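Reading the structure
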Amino acid sequence: MTVAERRDWLDRWAPYALLGTGALVSAITADALMTGGEARASAALVLAAFALQLWWEKVRPAEPAKGVLGRVYFTVRWVLAFALTWLNPFFAIYAVVGYFDAGRLLSPRVGIAGMLATALIMAGSQSGGLPPASAVSWFALPVLFALNGGLVLFFRRLEMQRTENARIEAAMIDELQQTNAQLRRAHEENAALHAQLLVQAREAGINDERRRLAAEIHDTIAQSLAGIVTQLQASVDSGDPAVARSHVERAADLARHGLGEARRSVQNLSPSALEHDELPTALQKIVEQWSAAAGVRADFTVTGVVEALHGEIEATLLRIAQEALVNAERHAGATRVGVTLSFMDDEVSVDVRDDGCGFDPHRVTVRERAGGFGLGGMRARAERVAGTFEIESETGRGTAVSARVPLVRHV
């Protein structure tokens, strides 16, 4: 049970418990302290106090703090407690509840007055009852009231200090949290700026740009032409005019697509696949299209939390995946290919695996290692954006290529 729940429980049940205890003790002492008429009057007042509590329990949930009904309830309850204590001093047990909720039901200044009024009832009970029956009782009444009132004011002051200290601490904690959040944002912005500057610096070299453009044109035109040749050969070999026509139409689509990609490469634009889709969706479509055209099963998987990436990062990973799929179709003789796009804390990677014939990576030609087309072109693309490129393959056991680049977010 939380502190708020315990406080709500006390506000709800304490008045009943104190009223019942006061009534029980007063009934036991009734013969010694009350006449028959006073006993009947106290019984009626107890019923009235009980009815008041039932009424307050009904309206309390909808009543705002320090509302009008709360002040009415506190005042009527004090009057009943005063009258009951007048009839029997042990009913001051019921009056104690005024100490608990004066601060919650009344404004700060009126709340102090309510506590002092409760202290008056307690002093009257402690002095022997109301009204004082002797000179000693009259002397004791103001002394006891001063003592009870002083204690009320002292503990009230302590409560106000505790509340103020809690407010100051909460404000300091909130300020610290805001400062920490600002520091985190500044750190993230600095990290993103550093990564962006790194990408921009690598993009600035003229020679690097020339190699990028050559590889881009080679990838787009070569892949499109290879697809066109495949489709035209299939149309020649087909004896069904309808099937042959579908192959010709597909070849025409590949030609139009290749022409558009070549123009985009010359203008240094993002691949058309990224024009309307983000990288995960674009890669999935490319894998599905490649699988349908090559007749090879291809699975696509995304891991991690997907984030919008810088356009150059997306284009690099897309082109590497495309080239890897082309290699799997041309050279591997694969029956199954898997493509995985992985988002990590500060990096993003694309992995392409096939179950084809494989090869010996150590026998890669000098041209490939020097940054030519094919595997060398994929490596150059990754390194252009401060990434890495790795190949794992063994003759007869398939091939896996992996490109890992910095996670530079789109801004």
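Residues numbered from 1 in each chain as written. Predicted model: local features only at pLDDT ≥ 70, side-chain atom pairs only at ≥ 80, totals over all residues. Heavy atoms only, no water.

**Remarks on unusual backbone geometry**
As a rule of thumb, non-glycine residues mostly have phi less than zero, and peptide bonds are mostly trans rather than cis. Just so we agree on the cut-off: A run of DSSP states H or I qualifies as a helix once it reaches four residues; a run of E qualifies as a strand once it reaches two. Both are numbered from the N-terminal end. For each residue, the accessible area found with a 1.4 Å probe, counting protein chains only, is set against the maximum for its type, and the residue is called buried under 20%, exposed over 50%, and partly exposed in between.
Residue Pro131 follows Leu130 across a cis peptide bond; omega there is -10 degrees. Phi at Ala386 is positive, roughly 65 degrees, even though this residue is not glycine. With respect to the secondary-structure elements, Ala386 resides in the loop between helix 14 (375-384) and strand 4 (388-393). Judged by its relative accessible area of 27%, Ala386 is partly exposed.

**Digging into the sheet that holds strand 1 (residues 297-303)**
Convention followed: In this scheme, strands are said to pair when DSSP sees at least two bridges between them. Orientation is described by axes fitted as lines to C-alpha atoms, over the contacting stretch for helices, and by angles from 0 to 180 degrees between their N-to-C directions. Residues are treated as being in contact if the distance between any of their heavy atoms lies within 4.5 Å.
As summarised here, the arrangement of the 5 strands in space is 1-2-3-5-4, forming an open sheet in which the pairing is mixed. Strand pairing shows two members of the sheet lacking a second neighbour, strand 1 and strand 4, which therefore form its edges. In this sheet, adjacent strand axes meet at a mean angle of 10 degrees when their direction is disregarded. Bridge analysis of strand 2 (residues 336-343) against strand 3 (residues 347-354) gives 7 bridges, and the strand direction is antiparallel. Note that in strand 3 the partner of Phe343 across the bridge is Val348. Against the sheet, helix 12 (residues 311-332) makes contact with strand 2, strand 3, strand 4 and strand 5 (399-406), and its axis sits at roughly 10 degrees relative to strand 3, the strand it touches most. With respect to the sheet, helix 14 is in contact with strand 4 and strand 5, its orientation differing from that of strand 4 by roughly 145 degrees.

**Some details on empty space enclosed by the protein**
We apply this condition: Lining residues are those with an atom within 4 Å of a point, where the points come from a 1 Å grid over the protein atoms alone and group into cavities, where a 1.4 Å probe fits but cannot get out, or pockets, open sets with protein on both sides within 12 Å along at least five of seven lines. Grid points are joined across faces, edges and corners, and a volume is the space filled by probe spheres set on the points.
Per the stated rule, a full pass over the model turns up 3 cavities of 30 Å³ or more. In this structure, the largest cavity encloses a volume near 50 Å³. Lining the largest cavity, in full, are Phe74, Arg77, Trp78, Ala81, Ala95, Val97, Gly98, Thr118 and Ile121. Looking at the lining of the largest cavity, the elements that each hand over two or more residues are helix 4 (68-87), helix 6 (97-105) and helix 7 (108-126). The element best represented in the lining of the largest cavity is helix 4, accounting for 4 residues.

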